[in-house]
Amino acid sequence: MNPVNFRPIYNNINFCIQNRQSPVSFTANKDSCKFTLIKKLSNDRELNKLLLRCGNNTEEIIKKSLKNYINGGYTADFYDLKDRYGEETGYVISIPKSLLQSIKIDKTYVWGSKFKSTKDEYPGFNFGQCIAQSNGIRIHKKIEGTPSGITYDTGGMFPEARSHCISNAIFDEKQNMEYEEHIKRLEKLSENQQCFDDFASNIMKMSEIYMFDPFPNNVLVDVDNGRLNIIDPTTKENSIKFQCHGNHLSGMLLSLFDPRYVKKQRFQVRKPDGIPSETNPEHVATRKKVLKNCLIAAKKCGMSFEKNPYEPTSANYHYADLEYLFKIAGISESDTAKILELAKGENNDAFFEFVKSL
């Protein structure tokens, strides 16, 4: 991803930024300085190029895509969109589960007109946003990676519903294996500091317009390309209302450690054979490497080190305290205190030197 940070410079009521590839226009209110993005041509051009590669027949495009299943979410299934020669296009199709029966089995689905472009809600970013739709079926930008942590079937629930879903979760062998594989992916990424620098930088840059929601499944871990890709950001309004803002160190660690799983799973481990993730030596060692990556990245970009940035009523509150997140990464209370004290200062060299010594 190549985030773009737009800021108002003049008090002009209207101004325009254009280029040949992606002409866009902004209108700025001089009182609030809030931008309203008006997409004029870029989405249409993007879609038209795609349809030239795939064909304009909506029914044919969708039926071919049904052969390229990727994965399923709570409300929709995702399929790779390939061109007429079977090549990757960089896009996927999402089909609501409510429509799959009528398309695949009943054959009663009414095929809509050709795909029409939609407004790009996140210009300058790739969060897997929708670029076109036809009768409930959507085309999205494709993002590579595997969801961070274990898979929660929360289907885009807001935090209160998520909290209820998770508090009643019983983790089975499948989810335990998911976390085991997640730890292995983090172990590979931990050798790449730039990956974490980019992750932290993207979180901070996007906060000018919208907020990072640190629910683990909102990060896709892409080992092959050394990326931590953000999906499903939230608005500033909802981030305040539902206490799901993640633009801080705690948010980074929430999304990568999945402490909801770690904290709850310790009570469900079969004794005497099982070792809870909370104290599993391999898990702790990997989390420690990732913590050091995140500490360095967060300090570089001026991210907040607030001990617990959430209100007690927040669904994140019981998992987000830095003392707990540091503890499951094998950091002692005294070292935790020193890290947080050094983070307040301006001597970055002393901070980085201590972190690397851990």
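Computed from a prediction, not measured in an experiment: that's the story for all the values here.

**Details of the overall build of the protein chain**
Phase 1: Of regular secondary structure, the protein chain possesses 13 helices and 12 strands.
Phase 2: Residues counted as buried form 47% of the 358 residues belonging to the protein chain.
Phase 3: In the protein chain, once contacts between residues fewer than 6 apart in sequence are set aside, the share between residues at least 24 apart is 64%.
Phase 4: Counting every atom, the protein chain has about 18,600 Å² of accessible surface; 49% of that belongs to carbon and sulfur.

**A short note on unusual backbone geometry**
Phase 1: Phi at asparagine 135 takes a positive value of approximately 50°, unusual for a residue other than glycine.
Phase 2: If you trace the backbone, asparagine 135 turns up in the loop between strand E8 (130–134) and strand E9 (137–141).
Phase 3: Phi angles above zero are rare outside glycine, and aspartate 258 is one such case at about 50°.
Phase 4: Checked against the element boundaries, aspartate 258 lands in the loop between helix H8 (249–257) and helix H9 (259–265).
Phase 5: Accessibility expressed as a relative area gives 0% for aspartate 258, which makes it buried.

**Some thoughts on the pattern of salt bridges**
Phase 1: All told, the structure shown has 15 salt bridges when counted by the stated rule.
Phase 2: Residue lysine 142 pairs with glutamate 144 through a salt bridge whose shortest N-O separation is 3.9 Å.
Phase 3: The exposure class assigned to glutamate 144 is partly exposed, which follows from its relative accessible area of 42%.
Phase 4: Across the salt bridge formed by aspartate 197 and lysine 300, the nearest N and O atoms sit 2.8 Å from each other. You can see aspartate 197 sitting in helix H6 (residues 193–206) and its partner lysine 300 sitting in helix H10 (residues 281–300), a full 103 residues away along the chain.
Phase 5: The class of aspartate 197 is buried, set by a relative accessible area of 13%.
Phase 6: Salt bridges linked by common partners bring Asp80, Glu88, Lys142 and Glu144 together as one network.

**Observations regarding the pairing of strand E6 (residues 88–96)**
The two faces of the sheet receive side chains in turn, since in a regular strand these alternate between them.
Phase 1: Relative to E6, strand E5 (residues 76–82) is paired through seven bridges, and the arrangement is antiparallel. Along E6, the bridge assignment pairs tyrosine 79 with isoleucine 93.
Phase 2: Linkage of E5 to E6, two consecutive antiparallel strands, is achieved through a turn of five residues, within which glycine 86 is found at a positive phi near 85°.
Phase 3: Of the strand pairs in this sheet, E6 and E9 are connected by four bridges, and their pairing is antiparallel. The residue of E9 that forms the bridge with serine 94 is arginine 138.

**As for the sheet that holds strand E12 (residues 227–230)**
Phase 1: A sheet is described by the order of its strands in space; here three strands give the open sequence E10-E11-E12, paired in antiparallel fashion. In the strand order of this sheet, the two ends are held by strand E10 (146–147) and E12, each with one partner.
Phase 2: Here E10 runs beside strand E11 (residues 219–222); their pairing, made up of two bridges, is antiparallel. Looking at the pairing, threonine 146 lines up with valine 221 of E11.
Phase 3: Where H6 meets the sheet, its contacts fall on E11 and E12, and the angle it forms with E12 comes to roughly 20°.

**Remarks on the packing of aromatic side chains**
Phase 1: A full pass over the atoms with the stated rule returns five aromatic pairs.
Phase 2: Centroid distance tyrosine 69 to tyrosine 79: 5.7 Å. Interplanar angle 70°. Geometry classified as edge-to-face. In this pair, tyrosine 69 sits in strand E4 (residues 69–72) while tyrosine 79 sits in strand E5, placing the two residues 10 residues apart along the sequence.
Phase 3: With a centroid separation of 4.7 Å and an interplanar angle of 25°, the aromatic rings of tyrosine 179 and tyrosine 261 are classed as stacked. Here tyrosine 179 is found in helix H5 (residues 173–189), whereas its partner tyrosine 261 is found in helix H9, with 82 residues between them in sequence.
Phase 4: For tyrosine 179, a relative accessible area of 0% puts it in the buried group.
Phase 5: Through pairs of rings, three or more aromatic residues link up here, namely Phe305, Phe351 and Phe352.

**Digging into the environment of tyrosine 179**
Phase 1: Sequence separation between tyrosine 179 and phenylalanine 257 is 78 residues; the distance between their C-alpha atoms is 9.4 Å.
Phase 2: Tyrosine 179 has contacts with Gly149, Ile150, Phe257, Asp258, Tyr261, Val262, Ser277, His283 and Arg287, leaving out every residue within four places of it along the chain.

**Brief notes about the side chain of asparagine 229**
Phase 1: Here asparagine 229 lies in strand E12.
Phase 2: Residue asparagine 229 is classed as buried on the basis of its relative accessible area of 8%.
Phase 3: Of note is the side chain of asparagine 229, whose polar atom sits 3.0 Å from the backbone oxygen of glutamate 144.
Phase 4: Those residues in contact with asparagine 229 that lie beyond four places of it in its chain are Ile143, Glu144, Asn218, Val219, Leu220 and Asp222.

**Concerning the environment of phenylalanine 196**
Phase 1: Mapped onto the elements, phenylalanine 196 comes out in helix H6.
Phase 2: Between the C-alpha atom of phenylalanine 196 and that of asparagine 293, which follows or precedes it by 97 residues, the distance is 6.2 Å.
Phase 3: Sequence-distant contacts of phenylalanine 196, defined by excluding residues within four places in its chain, comprise Leu189, Ser190, Leu228, Met252, Leu256, Val290, Asn293, Cys294 and Ala297.

About the criteria used
- Residues numbered from 1 in each chain as written.
- Predicted model: local features only at pLDDT ≥ 70, side-chain atom pairs only at ≥ 80, totals over all residues.
- Heavy atoms only, no water.
- Helix = DSSP H or I, 4+ residues; strand = E, 2+ residues; numbered from the N terminus.
- Buried < 20%, exposed > 50% of the residue type's maximum accessible area, 1.4 Å probe, protein only.
- Contact = heavy atoms within 4.5 Å.
- Areas by Shrake-Rupley, 256 points an atom, 1.4 Å probe, with all protein chains shown as cover.
- Salt bridge = Lys/Arg side-chain N within 4 Å of Asp/Glu carboxyl O.
- Pairing = 2+ DSSP bridges.
- Axes fitted to C-alpha atoms, helices over the stretch in contact; angles between N-to-C directions.
- Phe/Tyr/Trp six-rings, centres within 6.5 Å; stacked < 30°, edge-to-face > 60°.
- Polar contact = N/O pair within 3.5 Å; in protein donor to acceptor, adjacent residues only side chain to side chain.

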